[in-house]
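# Structural overview
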Amino acid sequence: MGLQLAGGASAPKAREFDVRNTALVGIYEISKLLASPNRLESTLAGVLALLSSFLDMRHGLIALLDASGEPEVVVGSGWSEDSAKRFFERLPERAVGQIVATKMPLVVENVATSPLFEGSDLSEWGPSDGRTFSLIGVPIKDGDAVVGTLTVDRVYDERSITLFDHDVRFLTMIANLVGQTLRLHKLIARDRERLMQEKAWLEKGDRLPHAETKINGVKGVVGSSPALRAVIEKIRVVAKAKSTVLLRGESGTGKELFAAAIHNLSPRRSKPFVKLNCAALPESVLESELFGHERGAFTGAVNMRKGRFELADGGTLFLDEIGEITPAFQAKLLRVLQEGEFERVGGARTLKVDVRLVCATNKNLEEAVKRNEFRADLYYRISVVPIFLPPLRDRKGDMEPLANEFLRRFNAEQGGRLSFSDSALQVLNACAFPGNIRELENCVFRTATLAQGSVITDRDFSCRNDGCLSSVLWSGSLERSAPAGAVAALAPPRDRLASPAFPTASERVDADSQADDASPLPQNYVAAERDARSDRDRLIDAMERAGWVKAKAARLLGLTPRQIGYALQKLRVEVKKF
């Protein structure tokens, strides 16, 4: 019974079991050593010392190579530090080069007869009682790149030959562990360098520079809020397809940046990215810009000109403010989207193009379709994949890095060294910025231009000096766009009779508990039902103008988003989902 260790049919199985068990123990011990917080050289020396306990070896070398392939760190077992590096340098360049070039293990059974070692001085290998040596070398990789080699040598005999296969597999696994450790050491070193740089900035009294957050090729987008990352993840998926994308959101949310991101993340990234603002051009000019024109097509057309569709062939065409084009031009654009073909203005030859279309709008296209201002068939063509870009007020945590990025650009342009104080950042974080990122950039540049010292404080902002352009802009917009006689009713309520359907902040109404048994208007109103209809109409009008965004409608009405939510529930207004 049991395994026979000498002779008999079961001896090979017993030896195989013993070898495998030894390898497992060796990997376990070496992995523990690699996880210890020691200097890299000490850790690698410990790895070689452990290897000598699990392998039949005389010497071992771990050499880490720099970008040019030269040895940067050499650690040896059985050698002194100086002799280890000297021995590695005397290894034939062809042998080391073969490991690096092929990224595969190298086994030399007898170095004395190997062509790779022809002409080499073997006296450095030490006394061998007349016997020669074998060499095993495996690559150390970081990803797919070879960053070093692990080599061991042993006395050449018949017994050692039978262990080559096992030892190569074992050493390859150890080399993989070493490669992972090297990658971690590099990451830690880079992080330590970053911390040292930040410490130097702080010691000089400067604020830390905030670099752009580039997520998966999204150049220029700054921030890491959950709302922003959700958009980036969707864009990353959508970019792989050819489907038309409609970017929706308020003005100033960065639609052009995200359109460029879709192109840069797509298979079309090597082709042109062409953009055009449809609202900036009249219909006649827009047609020529998109489709091109032939010579003599109209007065001033002295040469043939390619349109944006031709220029974007094979790439991506971004049409901003798509909701502003006229119904007549919508029909012409629809044909291009359906057939992929068009004629230049004044031309008769039909041209075909392969263009991926990305559109953008801050307009409520659904309402425009209902009012017959926008073709339903074109709407379905451009809104294959709608993506809603979050306003700045919904990107919690992005305000500070954005402001610092704009200040960095200002300093780069003006050669200054301005920074924000804590009080300045508190002012920025407290503002809703209805103009979104564009307004924030304007605010930072204006404040930096007028700042008196090298540090921007809360007193430098226009809003602290009764000169906030945003408040003037939105106040004027509210007065111009509100229905006649409704401005007073839509202003922030100063008493309980200002707008019965919209509660004041001091009321703290629990909408859930009173949703069924409370009337939206007090019962002592003589025309309660008429007033309810009036409030409902004003609320719906504000929601439509805001694209059914509660926070934006709240600003139009001079209320809080909570009050808008309460009014929607009390007046039984169903919120539209886009």
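Just so it is clear, the model here is predicted, and its values are computed rather than measured.

### Notes on a nonpolar patch on the surface
Taken together, Leu184, Leu187 and Ile188 make up a surface patch of nonpolar side chains, about 280 Å² in accessible area. Looking at the element boundaries, Leu187 is found in helix α6 (residues 164-203). Judged by its relative accessible area of 43%, Leu187 falls in the partly exposed class.

### Considerations on the packing of helix α7 (residues 226-238) against helix α8 (residues 255-264)
Between α7 and α8, the shortest axis-to-axis distance is 10 Å and the interhelical angle comes to 35°. Considering only the axes of α7 and α8, their crossing is right-handed. For the pair formed by α7 and α8, the contact residues are Leu228, Val231, Ile232 and Ile235 on the first element and Phe258, Ala261 and Ile262 on the second. Broken down by class, the residue content of the contact of α7 with α8 amounts to seven nonpolar, no polar and no charged.

### As for helix α21 (residues 561-570)
Of the positions making up α21, those classed as buried are Gln563, Ile564, Tyr566, Ala567, Leu568 and Lys570. Backbone geometry just downstream of α21 places Arg572 in the positive-phi region, at approximately 55°.

### Details of α7
In this model α7 runs 18 Å from its N-terminal to its C-terminal C-alpha over 13 residues, within 8% of the 18 Å that 1.5 Å per residue would give. Of the residues making up α7, those classed as buried are Leu228, Val231, Ile232, Ile235 and Val238. The buried residues of α7 occupy an angular sector of 125° when projected down its axis, which confines them to one face. Exposed side chains of α7 directed beyond 90 degrees from the buried face belong to Pro226 and Val237. Residues of α7 that are buried make contact with β6 (245-248), α8, β13 (356-361) and β14 (385-388).

### Section: the pairing of strand β5 (residues 145-155)
The element β5 is extensively covered by neighbouring structure, given that ten of its eleven residues are classed as buried. Of the pairings in the sheet, the one linking strand β4 (residues 133-142) to β5 comprises ten bridges and is antiparallel in character. Bridge pairing in β5 links Phe133 to Val155. The antiparallel pairing of β4 with β5 creates a hairpin that spans two residues between the two strands, and Gly143 there sits at a positive phi of about 75°.

### Section: the sheet that holds strand β7 (residues 273-277)
Paired through their backbone hydrogen bonds, the strands of a sheet run either parallel or antiparallel. Strands sit in the order β7-β10-β13-β6-β14 across an open sheet of five strands; the sheet is parallel. Because the sheet does not close on itself, it has two edges, and the strands there are β7 and β14. Geometrically, the sheet is characterised by an average inter-axis angle of 20° between neighbouring strands, direction not taken into account. Bridge analysis of β6 against β14 gives four bridges, and the strand direction is parallel. Bridge assignment links Val245 to a residue of β14, and that residue is Val385. Each of β6, β13 and β14 touches α7; the most contacted strand, β14, lies at about 160° to it.

### Digging into the pairing of strand β10 (residues 316-320)
Of all five residues in β10, five are buried; the element is thus mostly enclosed. Burial along β10 is two-sided: Thr316, Phe318 and Asp320 facing one way and Leu317 and Leu319 facing the other are all buried. Sheet topology places β10 next to β13; four bridges connect them, and they run parallel. The residue bridging Thr316 from the neighbouring strand is Arg356, located in β13.

### Side note on the environment of Leu281
Examined against the element boundaries, Leu281 turns out to sit in the loop between β7 and α9 (283-291). Residue class for Leu281 comes out partly exposed when judged on its relative accessible area of 26%. Distance from Leu281 to Ile325, taken between C-alpha atoms, is 9.2 Å for residues 44 residues apart in sequence. Excluding its chain neighbours within four sequence positions, the residues that come into contact with Leu281 are Leu276, Leu286 and Glu289.

### Overview of the pattern of salt bridges
Under the defined criterion, the tally for this structure stands at 26 salt bridges. The partner of Glu256 in a salt bridge is Lys275, and the shortest N-O contact between them spans 2.5 Å. With a gap of 19 residues between them, Glu256 in helix α8 and Lys275 in strand β7 connect regions that are remote in the sequence. For Lys275, a relative accessible area of 42% puts it in the partly exposed group. We note a salt bridge from Glu343 to Arg335, for which the minimum N-O separation is 2.8 Å. Take Glu343: its relative accessible area is 24%, and that puts it in the partly exposed class. Judged by relative accessible area, Arg335 falls into the partly exposed class, the value being 32%.

Criteria and cut-off values
Residues numbered from 1 in each chain as written. Predicted model: local features only at pLDDT ≥ 70, side-chain atom pairs only at ≥ 80, totals over all residues. Heavy atoms only, no water. Patch = residues over 30% accessible without salt bridge, like charges linked within 9 Å, V, L, I, M, F, W, Y side chains within 5 Å. Areas by Shrake-Rupley, 256 points an atom, 1.4 Å probe, with all protein chains shown as cover. Salt bridge = Lys/Arg side-chain N within 4 Å of Asp/Glu carboxyl O. Helix = DSSP H or I, 4+ residues; strand = E, 2+ residues; numbered from the N terminus. Buried < 20%, exposed > 50% of the residue type's maximum accessible area, 1.4 Å probe, protein only. Axes fitted to C-alpha atoms, helices over the stretch in contact; angles between N-to-C directions. Left-handed = near helix turned anticlockwise from the far one by under 90°. Contact = heavy atoms within 4.5 Å. Nonpolar A, V, L, I, M, F, W, Y, C, P; charged D, E, K, R; others polar. Expected span 1.5 Å × (residues − 1). Arc of directions from axis to C-beta. Pairing = 2+ DSSP bridges.

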